[in-house]
Protein chains: 2
Amino acid sequence: MKIATWNVNSLNVRQPQVMEWLMNEQPDVLALQELKLEQDKFPLAALQMMGWNAVWSGQKTYNGVALISRHELTDVQTGLPQMPNDPQRRVIVATVNGVRVINVYCVNGEALDSPKFAYKREWFAALTHFVRDELARYADLVLLGDFNIAPTDEDVYDPKKWHEQIHCSSEERSWFKNLLDLGLTDGLRHANPIGKFYTWWDYRGAMFEKGLGLRIDHILVSDNLIDKLQQVVVDTHTRANERPSDHAPVHADFQI
Amino acid sequence: MKIATWNVNSLNVRQPQVMEWLMNEQPDVLALQELKLEQDKFPLAALQMMGWNAVWSGQKTYNGVALISRHELTDVQTGLPQMPNDPQRRVIVATVNGVRVINVYCVNGEALDSPKFAYKREWFAALTHFVRDELARYADLVLLGDFNIAPTDEDVYDPKKWHEQIHCSSEERSWFKNLLDLGLTDGLRHANPIGKFYTWWDYRGAMFEKGLGLRIDHILVSDNLIDKLQQVVVDTHTRANERPSDHAPVHADFQI
DNA sequence: GAAACCCTCG
DNA sequence: CGAGGGTTTC
């Protein structure tokens, strides 16, 4: 079973690239973030034409998440029950092939002294409570998406420059660890304990060409599933497309 | 001698099309309107690379005119002396091969009850005085560009709909006739006394595909030069380009 | 740097 | 509809 995540930064713009990637990679589930389109603008017909099912939660301009699969997507849920009044569409959950898949587009936070950082803090607290409850119900669970957190300095091209900056602060890293402590494992680090892996490169300053990025897109795997994890791959060659997303897809392959 | 006019609606966007058109058509002069770029953003180097000279008068966002030629452009002048404080870059004049070429991007006017229509009235009065003075000095003269006036109902796809509307009002047509009365002839109508010829089609509503346009781009020829006029052509196939201007080029060929 | 919005203009 | 400008977000 292959489970993938990709922040596409506008599905309108990246739709052809997503179609091509689906047909080439044939994942069992693809989790998308930053659709940046309204709920009724999702290209369901185009996906169905190619044999894919999808569930999504969209909003105009910002955020928006989707799950795409050839299999049935059941027990679909959107949003965090702990934040019932949050208008931002950042979470969609479904069960596929017996695996609970939680797709998140976590809050960016802008800067440690920004009001958006306080929102990020509240949002991660709500996510942690939600995932704890889900793990109690579903032993086979994957939490994946754009976390907007680089878990360690090994995940940052220039740790000095990013020291206690947004995505890299010790407080954000403690939130990430809180998630792992629920009974989840960082899939990429489980498969590749050392080495530099980036999933996001700033559009500005030709950072991709210079090999300078952050690892902020993650696939976290529940204890019950971790022994079945075979490999985790960052698909960097999509970043060499004509109009690339600033994020690359990441996929995890399981022997189920 | 081939003299051409083209409202390009952004030279930034249309630069490749202008280059291609110059190389295919090899005009002696090409007059451009609606450059929509600042004075120091004109692509002179690219033109010189291909062996062309140019003079231009640019401004940010709006208006802007240029004259491009393989020959020397002398006695260059910009603006109307009768409107010395007008910041809008709508006029550039030069002598090429002994012919005085006046390139104009005339005021649109928006609607008959708009303040912009009053500006159009003043601007045409100033233009008429300027052209009268130029004709006194230069017997061989061509006044060309985007006039934003369809001279007769024959130049309009739906004269009823456009009756006394902007571009087609009797007052605007009287301004156009005032120019002719200075000793100028409408080149296209001289060469083609009857028949529908359009030079502009609204982007909205697929008007080009429906064949519905206006003839508002003109080449007016001085009495001394009119007997040498061989043909006038509207180059409609540029409107079938990938990202076309809403105007087509018009060119006049002289036996000089 | 790239995307989406709303605005003005033609 | 298509262009440019200014704004916000990441």
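Residues numbered from 1 in each chain as written. Chains lettered and ligands numbered in written order. Predicted model: local features only at pLDDT ≥ 70, side-chain atom pairs only at ≥ 80, totals over all residues. Heavy atoms only, no water.

- You'll find chain A entered in an unreviewed UniProt entry as Exodeoxyribonuclease III, with Simonsiella muelleri ATCC 29453 given as the organism.
- Recorded in UniProt for chain A, the comment headed Sequence similarities (unreviewed entry) runs: "Belongs to the DNA repair enzymes AP/ExoA family." (UniProt positions renumbered as here; feature names shortened; annotations may be inferred.)

Considerations on the sheet that holds strand S4 (residues 65–69) of chain B
Residue and element names in this part refer to chain B.
Then comes step 1: With mixed pairing, 6 strands are arranged side by side in an open sheet as S3-S4-S2-S1-S12-S11. Where the open sheet ends on each side, the last strands, each with one partner, are strand S3 (53–57) and strand S11 (229–234). Between one strand and the next, the sheet's axes are offset by a mean angle of 15°, whatever the strand orientation.
Then comes step 2: Of the pairings in the sheet, the one linking S3 to S4 comprises 5 bridges and is antiparallel in character. Within S4, the position partnered with Asn53 by the bridge is Ser69. (Pairing = 2+ DSSP bridges. Helix = DSSP H or I, 4+ residues; strand = E, 2+ residues; numbered from the N terminus. Axes fitted to C-alpha atoms, helices over the stretch in contact; angles between N-to-C directions.)

Quick notes on the protein's contact with DNA strand C
Then comes step 1: In the vicinity of DNA strand C, 15 residues are found, and the nearest of them are Ser10, Arg14, Thr61, Tyr203 and Arg243 of chain A.
Then comes step 2: Here, DNA strand C places atoms within 4 Å of the protein, and 68% of those atoms are sugar or phosphate.
Then comes step 3: One of the side-chain N or O atoms of Arg243 of chain A is found 3.0 Å from a phosphate oxygen in DNA strand C.
Then comes step 4: Within the side chain of Arg204 of chain B, a nitrogen or oxygen atom sits 3.3 Å from a base oxygen of DNA strand C.
Then comes step 5: When residues of the surface near DNA strand C are assigned to their parent elements, the largest contribution, 3 residues, is made by helix H1 (residues 11–25) of chain A.
Then comes step 6: Among the residues making up the surface near DNA strand C, the classes are represented as 3 nonpolar, 6 polar and 6 charged. (Near = heavy atom within 4 Å. Polar contact = N/O pair within 3.5 Å; in protein donor to acceptor, adjacent residues only side chain to side chain. Nonpolar A, V, L, I, M, F, W, Y, C, P; charged D, E, K, R; others polar.)

What about the UniProt feature "active site" (unreviewed entry) in chain A?
All names here are of chain A.
Then comes step 1: The UniProt record marks Tyr105, Asp146 and His247 with the feature "active site" (unreviewed entry), using the residue numbering of this structure. Across 143 residues, the annotated set stays spatially compact, with a maximum C-alpha separation of 12.4 Å.
Then comes step 2: Note on placement: Tyr105 falls in strand S7 (residues 99–105).
Then comes step 3: Not counting chain neighbours up to four residues away, the residues in contact with Tyr105 comprise Asn7, Gln33, Glu34, Asn63, Val65, Arg90, Trp123, Asp146 and Asn148.
Then comes step 4: Within the structure, Tyr105 has its side chain in polar contact with the side chain of Glu34 (distance 3.4 Å).
Then comes step 5: With residues near it in sequence (within four places) discarded, His247 still touches Trp6, Asn7, Asp146, Thr199, Trp200, Ile216 and Asp217. (Contact = heavy atoms within 4.5 Å.)

Points about a nonpolar patch on the surface
Then comes step 1: Among the surface-exposed residues, Met23, Met49 and Met50 of chain A lie close enough to one another that they form a single nonpolar patch of about 310 Å² accessible area.
Then comes step 2: Along the chain, Met49 of chain A turns up in helix H2 (residues 44–49). (Patch = residues over 30% accessible without salt bridge, like charges linked within 9 Å, V, L, I, M, F, W, Y side chains within 5 Å. Areas by Shrake-Rupley, 256 points an atom, 1.4 Å probe, with all protein chains shown as cover. Salt bridge = Lys/Arg side-chain N within 4 Å of Asp/Glu carboxyl O.)

What to know about the nonpolar core
In summary, soluble globular proteins display a tendency toward joint burial of nonpolar side chains.
Then comes step 1: Ile3, Leu67, Val142 and Phe254 of chain B are the most contacted members of the largest nonpolar core, which has 40 residues in total.
Then comes step 2: The residues touching Leu67 of chain B, leaving out its near neighbours within four places in the chain, are Val29, Leu30, Ala31, Asn53, Ala54, Val55, Leu73, Ile92, Val93, Ala94, Val101 and Asn103 of chain B.
Then comes step 3: Residues Val29, Met207, Ile219 and Leu225 of chain A belong to the second largest nonpolar core, which totals 39 residues. (Core = buried A, V, L, I, M, F, W, Y, C linked by side-chain atoms within 4.5 Å. Buried < 20%, exposed > 50% of the residue type's maximum accessible area, 1.4 Å probe, protein only.)

A short note on the protein's contact with DNA strand D
Then comes step 1: Within the structure, DNA strand D sits among 14 residues, and Asn108 of chain A together with Ser10, Arg14, Thr61 and Arg243 of chain B are positioned closest to it.
Then comes step 2: At the protein interface, 80% of the atoms of DNA strand D within 4 Å belong to sugar or phosphate.
Then comes step 3: Interatomic distance of 2.9 Å between a side-chain N/O atom of Ser10 of chain B and a phosphate oxygen of DNA strand D.
Then comes step 4: Tyr203 of chain B is positioned with one of its backbone polar atoms (N or O) 3.5 Å from a sugar or linking oxygen of DNA strand D.
Then comes step 5: By residue number, the principal contributor to the surface near DNA strand D is helix H1 (residues 11–25) of chain B, which donates 3 residues.
Then comes step 6: Grouping the amino acids of the surface near DNA strand D by side-chain chemistry returns 4 nonpolar, 5 polar and 5 charged.

A few points about the pattern of salt bridges
Close approach of charged atoms lets side chains of opposite charge pair.
All names here are of chain A.
Then comes step 1: Per the stated rule, a full pass over the model turns up 28 salt bridges over all chains.
Then comes step 2: When the shortest N-O distance is used, the salt bridge between Arg137 and Glu134 registers 3.4 Å. Of this pair, Arg137 and Glu134 both sit in helix H3 (residues 115–137), 3 residues apart, roughly one helical turn.
Then comes step 3: The class for Glu134 is buried, based on a relative accessible area of 2%.

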